[in-house]
Amino acid sequence: MTRRTISLILDSLMLVAFVALMAWRLTGVPIHEWLAVALLGTIVLHLVIHWDWAVTRLAKLIPADRQRPSLSLLLNVALFVAMGVALASGFYMSKSIFPNHLTNARYGMWHELHESSSTITLIILGLHVALNWELISNGVRRALRARQAGEAPMPGEPL
């Protein structure tokens, strides 16, 4: 399996997990919390796979002649922060995995933060997918063509 295929599968799983997390009333709290743990694991894998991209983009911020960072980098940082707040607040107010017996007032405060950051994450995630749509569709097309042709991927084939 190529790195591109792994990335497509991983990214698709993250998207499905996030959509399921947004519909927590359908899954129930325990499944919602365990799905968040699984999503956190896939996010770490996603960052590992795309680490070179992140390092390259961050290196471009350092030169003095660079006026502003790319929209893609800003969006990715915002997505990372918003999702981090959503995950951290969700784990803090957990009822199943890390039971934290909060008072109603404290739970309400954390729940509000969790809901707000989740909604912001949803908006940024939509922008992230839209901004990367060409990469996503080209990757899927390329993977389907290779599969239909029965071709083995070339070693070291770029993403």
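Predicted, not measured: the structure shown is a model, and the values here were computed from it.

Engineer: What is the right way to read the overall build of the protein from this model?
Structural biologist: The number of helices and strands found in the protein is seven helices and zero strands. Walking the protein from its N terminus toward its C terminus, one meets helices and strands in the order α-α-α-α-α-α-α. Considering only residue pairs separated by 6 or more positions, the protein has 70% of its internal contacts joining residues 24 or more positions apart. A total accessible area of about 10,900 Å² is found for the protein, and carbon and sulfur atoms account for 69% of it.

Engineer: Is there a simple way to explain the packing of aromatic side chains in this structure?
Structural biologist: One pair of aromatic rings is described through two measures. These are the centre distance and the angle between the planes. For the structure shown, the criterion picks out two aromatic pairs. Where Tyr-92 meets Trp-110, the ring centres are 4.4 Å apart and the plane angle is 40°; that geometry is what we call tilted. Remark: Trp-110 occurs in helix α6 (residues 104–131) and Tyr-92 occurs in helix α5 (residues 71–92); sequence separation between them is 18 residues. Tyr-92 gets classed as partly exposed once you look at its relative accessible area, which sits at 32%.

Engineer: Explain the layout of surface pockets to me, please; I cannot follow it from the model alone.
Structural biologist: If a probe the size of a water molecule is rolled over the atoms, the empty space left behind becomes visible. Counted as a void, the largest pocket has a volume near 1,500 Å³. What lines the largest pocket is a set of 45 residues, among which Asp-11, His-46, His-50, His-128 and Asn-132 lie closest to the centre. Only α1 (3–22), α3 (29–49), α4 (51–59), α5, α6 and α7 (133–149) provide two or more residues apiece to the lining of the largest pocket. Considering every element that reaches the lining of the largest pocket, the biggest residue donor is α5, with ten residues. Tallied by class, residues from the lining of the largest pocket come to 29 nonpolar, eleven polar and five charged.

Engineer: Honestly, a nonpolar patch on the surface in this entry has me stumped. Any pointers?
Structural biologist: On the surface, a cluster of nonpolar side chains totalling about 710 Å² of accessible area is made up of Leu-47, Trp-51, Val-55, Val-77, Phe-80, Val-81, Val-85 and Leu-113. Of all the secondary structure elements, the ones that give two or more residues to the nonpolar patch are α4 and α5. Per element, the largest residue contribution to the nonpolar patch is four residues, and it comes from α5. Mapping Trp-51 onto the fold places it in helix α4. A relative accessible area of 52% means that Trp-51 is categorised as exposed.

Conventions and cut-offs
- Residues numbered from 1 in each chain as written.
- Predicted model: local features only at pLDDT ≥ 70, side-chain atom pairs only at ≥ 80, totals over all residues.
- Heavy atoms only, no water.
- Helix = DSSP H or I, 4+ residues; strand = E, 2+ residues; numbered from the N terminus.
- Contact = heavy atoms within 4.5 Å.
- Areas by Shrake-Rupley, 256 points an atom, 1.4 Å probe, with all protein chains shown as cover.
- Phe/Tyr/Trp six-rings, centres within 6.5 Å; stacked < 30°, edge-to-face > 60°.
- Buried < 20%, exposed > 50% of the residue type's maximum accessible area, 1.4 Å probe, protein only.
- 1 Å grid on protein atoms, 1.4 Å probe; cavity = no way out; pocket = protein on both sides within 12 Å on 5 of 7 lines; lining within 4 Å.
- Points joined across faces, edges and corners; volume = space filled by probe spheres on them.
- Nonpolar A, V, L, I, M, F, W, Y, C, P; charged D, E, K, R; others polar.
- Patch = residues over 30% accessible without salt bridge, like charges linked within 9 Å, V, L, I, M, F, W, Y side chains within 5 Å.
- Salt bridge = Lys/Arg side-chain N within 4 Å of Asp/Glu carboxyl O.

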